[in-house]
Every structure is written in C-alpha cells, then in structure tokens.
Amino acid sequence: MGELRVRSVLVTGANRGIGLGFVQHFLKMPKPPQWIFATCRDPKGQRAQELQNLASKHPNLVIIALEVTDPASIKAAAAKVGEHLGGSGLNLLINNAGMVKPTMLENETLEAMTEIYTTNTIGPLLMGQAFLPLLKKAAQGSPGSGLSCSKAAIVNMSSYAGSIEDVYVWEFGQVVSYRCSKAALNMLTKCQSLAYKEHGILCVTFHPGWVQTDMGGGGSFKPPLTVDDSVQGMLKVLSSISEKDTGTFLDWEGKILPW
Ligand code: NDP
C-alpha cells in the first residue's frame with residue numbers, strides 16, 4: 001500500500017461530523033499536508049468553534065467560507081484557495097457536505113427533492129468544475145504516469161443508500177430524495193472519472209459506513225461506526241487506490257459496492 005502524501009486538500013462541510021474528522025486526521029498525519037482547506041458555511045459562527053480552535057493551533061489549516069449550493073460562493077472559495085496555493089495546484093478535493101430529510105415517498109415534495117439534489121449532487125458538480133484548474137495543475141506538477149489520490153483526485157461522499165441494486169437500510173427510512181441524490185452523485189462520479197482521466201485526476205465515490213454523526217445518529221438506532229474509524233478506513237483506501245479504481249463506488253473498507 002502506498003502512503004497518502006498530499007500537499008493540499010480541501011474538505012467541504014468540515015465544521016462537524018465526517019468532514020471535521022477528515023480535517024483532524026490530516027492534521028495528525030506524520031507528514032501533514034502543507035495546506036488543509038476546511039470549508040464551512042459560517043466560519044465565524046458557533047458551529048465552526050472546533051475548527052476555529054484547531055486553526056489557532058495549526059497554521060496549515062485555513063478555514064474558508066463555502067455554501068455548496070451557491071455558485072458565487074464556490075467561485076470565491078476557489079479564488080481564495082488559488083491565492084493561498086500560489087502557483088501550485090490542489091491535490092485532493094473531498095466533496096463531503098451533504099444533507100438528508102426524513103421523508104417518505106408519499107410526502108416528498110418539489111422543494112425537498114430540489115434542495116437535496118442541489119446540495120448533494122449539483123454542489124459536487126459545481127465544485128469539480130470550479131476546482132478543475134487547480135486539480136489539473138496538481139496533476140501536471142506531480143511526477144509519474146497513472147492516477148493516484150496523492151497526485152490529484154476528487155472524492156465524492158455518497159451513501160450506500162443510493163445503491164439501486166441494494167437499497168440499503170430501506171427499513172430504517174425511505175429518504176427518497178436522499179437516495180435519488182446519492183444515486184445521481186454516483187453517476188456524476190462516473191462521468192467525472194471519464195472526463196477528467198485525461199487531465200490526470202482520479203475520481204471515486206464513497207460510502208463512509210453508518211457513522212455516529214448528527215446525520216447518521218438522527219434516529220433511535222446508534223450507528224455502528226465512529227467518525228474516527230470511518231475516516232481512518234477511507235484514508236487507508238485513498239492511499240491504496242490507483243488508475244484502475246477511478247470511477248468506482250467504494251466503502252470505507254475498500255469494498256466495491258453495487259451501483
Ligand atoms: P452531518 O450532518 O454531521 O454534517 C453535514 C455537513 O455538511 C455539515 O458540515 C454541514 O454544514 C454541511 N453542509 C450541509 N449542507 C451544506 C451546504 N449547502 N453547503 C455547505 N455545507 C453544507 O453529516 P455527516 O458528517 O454524517 O455526513 C457527511 C457526508 O457523508 C454526507 O455527504 C452524507 O450524506 C454522507 N454519509 C453519511 C453517513 C452517516 O452515517 N453519517 C452515511 C452515508 C453517507 P452546517 O453545519 O452548516 O449544516
């Protein structure tokens with residue numbers, strides 16, 4: 001297994017849950033990235049307190065405002081990241097921000113379907129477009145042929161709930177808008193992998209496991225996985241995947257999941 005050695009990484013939805021877990025794990029690496037861009041909707045607010053504490057101790061952690069449903073906010077964030085990076089590129093983009101509503105098929109609405117699709121699917125699409133020049137630059141600046149996450153990669157945080165073949169945990173919640181948005185995110189990842197391969201960018205979509213976060217722990221059942229275990233597992237997988245894995249749907253243990 002190779003080592004995940006990124007000079008720069010950006011995580012969306014980094015103020016809590018799995019996103020915050022990624023930031024904490026990157027900071028604790030033996031050779032942490034030179035730049036960790038932790039994005040959240042309200043960097044100065046109460047909900048970003050933990051990120052602010054970390055940033056006060058780690059100069060390589062930069063908090064950037066980002067609302068993934070707002071193209072202007074994405075554009076501004078990409079410009080800021082570009083300024084920090086100087087002439088170099090962004091190695092790893094982790095599209096982690098996401099949302100769910102506890103809906104049933106019969107009470108889905110135009111508003112809920114639209115809001116969730118915009119956040120979970122269109123957000124990662126726009127992020128990939130806006131950060132493409134920086135990802136390309138990272139790929140061009142890395143030695144060797146072949147794709148890897150240390151070179152340039154987009155990681156989309158999906159969910160097994162979006163698997164059409166398995167319809168994971170249907171009995172725990174129909175969440176139709178969420179399932180549709182993640183199934184579409186999986187298709188987006190496949191499309192990104194085909195279009196961005198020639199630029200040297202690896203693209204994968206992940207199921208992080210059922211994780212103890214605000215989202216995962218919303219019901220009466222305690223999810224089996226801690227944020228630490230999930231993130232540690234995903235980082236291990238990211239360090240080992242290569243060109244043959246681009247465009248795949250993986251879980252936190254590296255298992256290939258059915259679409
Ligand atoms: P949380 O609900 O704990 O955190 C969600 C994060 O996304 C928050 O930081 C939130 O910011 C951010 N976010 C939501 N909407 C937006 C937006 N429009 N713009 C910017 N940021 C936004 O979720 P998890 O950490 O559990 O989930 C992270 C990812 O993993 C999601 O994509 C989720 O679908 C996926 N996942 C999680 C599973 C689990 O069991 N936890 C299982 C399968 C997939 P704010 O604080 O401002 O609301």
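This one's a predicted model, so the numbers in the text were calculated from it and none came from an experiment.

Visitor: Would you mind showing me how to read the sheet that holds strand S7 (residues 249-251) here?
Guide: Strand pairing in a sheet takes place through backbone hydrogen bonds and is either antiparallel or parallel in direction. Overall, parallel pairing links the seven strands, which are arranged S3-S2-S1-S4-S5-S6-S7 in an open sheet. The sheet terminates laterally at strand S3 (61-65) and S7, the two strands that pair on one side only. Strand-to-strand twist across the sheet, computed as the mean angle between neighbouring axes with direction ignored, equals 20°. Set on the sheet, helix H6 (residues 227-240) makes contact with strand S5 (153-157), strand S6 (202-207) and S7; between it and S6 the angle comes to about 155°.

Visitor: Which parts of the structure should I look at to understand the nonpolar core?
Guide: Soluble globular proteins: nonpolar side chains tend toward being buried together. In terms of nonpolar packing, the biggest core is built from 40 residues, with Phe22, Val23, Phe26, Leu92, Ile94, Phe206 and Leu238 touching the most fellow members. Looking at this core, the elements with two or more residues in it are strand S1 (8-11), helix H1 (17-28), strand S2 (35-40), helix H2 (49-57), strand S4 (92-95), S5, S6 and H6. Ignoring any residue separated from it by four or fewer positions in sequence, one finds Phe26 in contact with Leu4, Val6, Val9, Pro32, Pro33, Ile36, Leu92, Ile94 and Leu235.

Visitor: Sorry, what's going on with the layout of surface pockets here?
Guide: Any empty space left between the atoms is revealed when a probe the size of a water molecule rolls over them. Size it by volume and the largest pocket reaches roughly 1,400 Å³. Going through the elements one at a time, H1, helix H4 (110-141) and helix H5 (176-196) are the ones with two or more residues in the lining of the largest pocket. Looking at the lining of the largest pocket residue by residue, the class counts come to 20 nonpolar, 19 polar and ten charged.

Visitor: How should the site of the ligand be read in this particular structure?
Guide: In the vicinity of the ligand, 29 residues are found, and the nearest of them are Asn15, Arg16, Glu67, Tyr178 and Thr213. In this structure, an oxygen atom belonging to the ligand sits 2.8 Å away from a main-chain N or O atom of Asn96. Coverage of the ligand by the protein amounts to 95% of the 900 Å² it exposes when considered alone. Taken atom by atom, the bulk of the ligand overlaps the largest pocket. Going through the elements one at a time, H1 and H5 are the ones with two or more residues in the shell around the ligand. When its residues are assigned to classes, the shell around the ligand shows ten nonpolar, 13 polar and six charged.

Visitor: Any chance you could explain the packing of aromatic side chains here in plain terms?
Guide: Within a pair of aromatic rings, the relevant descriptors are the distance that separates the centres and the angle that separates the planes. Scanning all chains against the criterion turns up seven aromatic pairs. Centroid distance Tyr160 to Tyr168: 4.8 Å. Interplanar angle 20°. Geometry classified as stacked. Members of the aromatic cluster, connected to one another through ring pairs, are Phe172, Trp210 and Phe221.

Visitor: Would you take a moment to explain the pairing of S6 for this structure?
Guide: The side chains of a regular strand alternate between both faces of the sheet. Among the six residues of S6, six are classified as buried, and the element is accordingly described as predominantly covered. The side-chain alternation of S6 yields two buried faces, one formed by Leu202, Val204 and Phe206 and the other by Cys203, Thr205 and His207. Sheet topology places S5 next to S6; five bridges connect them, and they run parallel. When the sheet's bridge partners are listed, Asn156 is paired in S6 with Thr205. As defined by bridge partners, S6 adjoins S7 across three bridges and the pair is classed as parallel. Of the residues in S7, the one forming a bridge with His207 is Asp251.

Calculation criteria
Residues numbered from 1 in each chain as written. Predicted model: local features only at pLDDT ≥ 70, side-chain atom pairs only at ≥ 80, totals over all residues. Heavy atoms only, no water. Pairing = 2+ DSSP bridges. Helix = DSSP H or I, 4+ residues; strand = E, 2+ residues; numbered from the N terminus. Axes fitted to C-alpha atoms, helices over the stretch in contact; angles between N-to-C directions. Contact = heavy atoms within 4.5 Å. Core = buried A, V, L, I, M, F, W, Y, C linked by side-chain atoms within 4.5 Å. Buried < 20%, exposed > 50% of the residue type's maximum accessible area, 1.4 Å probe, protein only. 1 Å grid on protein atoms, 1.4 Å probe; cavity = no way out; pocket = protein on both sides within 12 Å on 5 of 7 lines; lining within 4 Å. Points joined across faces, edges and corners; volume = space filled by probe spheres on them. Nonpolar A, V, L, I, M, F, W, Y, C, P; charged D, E, K, R; others polar. Near = heavy atom within 4 Å. Polar contact = N/O pair within 3.5 Å; in protein donor to acceptor, adjacent residues only side chain to side chain. Areas by Shrake-Rupley, 256 points an atom, 1.4 Å probe, with all protein chains shown as cover. Sits in = over half its atoms within 2 Å of the grid points. Phe/Tyr/Trp six-rings, centres within 6.5 Å; stacked < 30°, edge-to-face > 60°.

It is worth stressing that arrangement in space is one thing and function is another; only the former is reported here.
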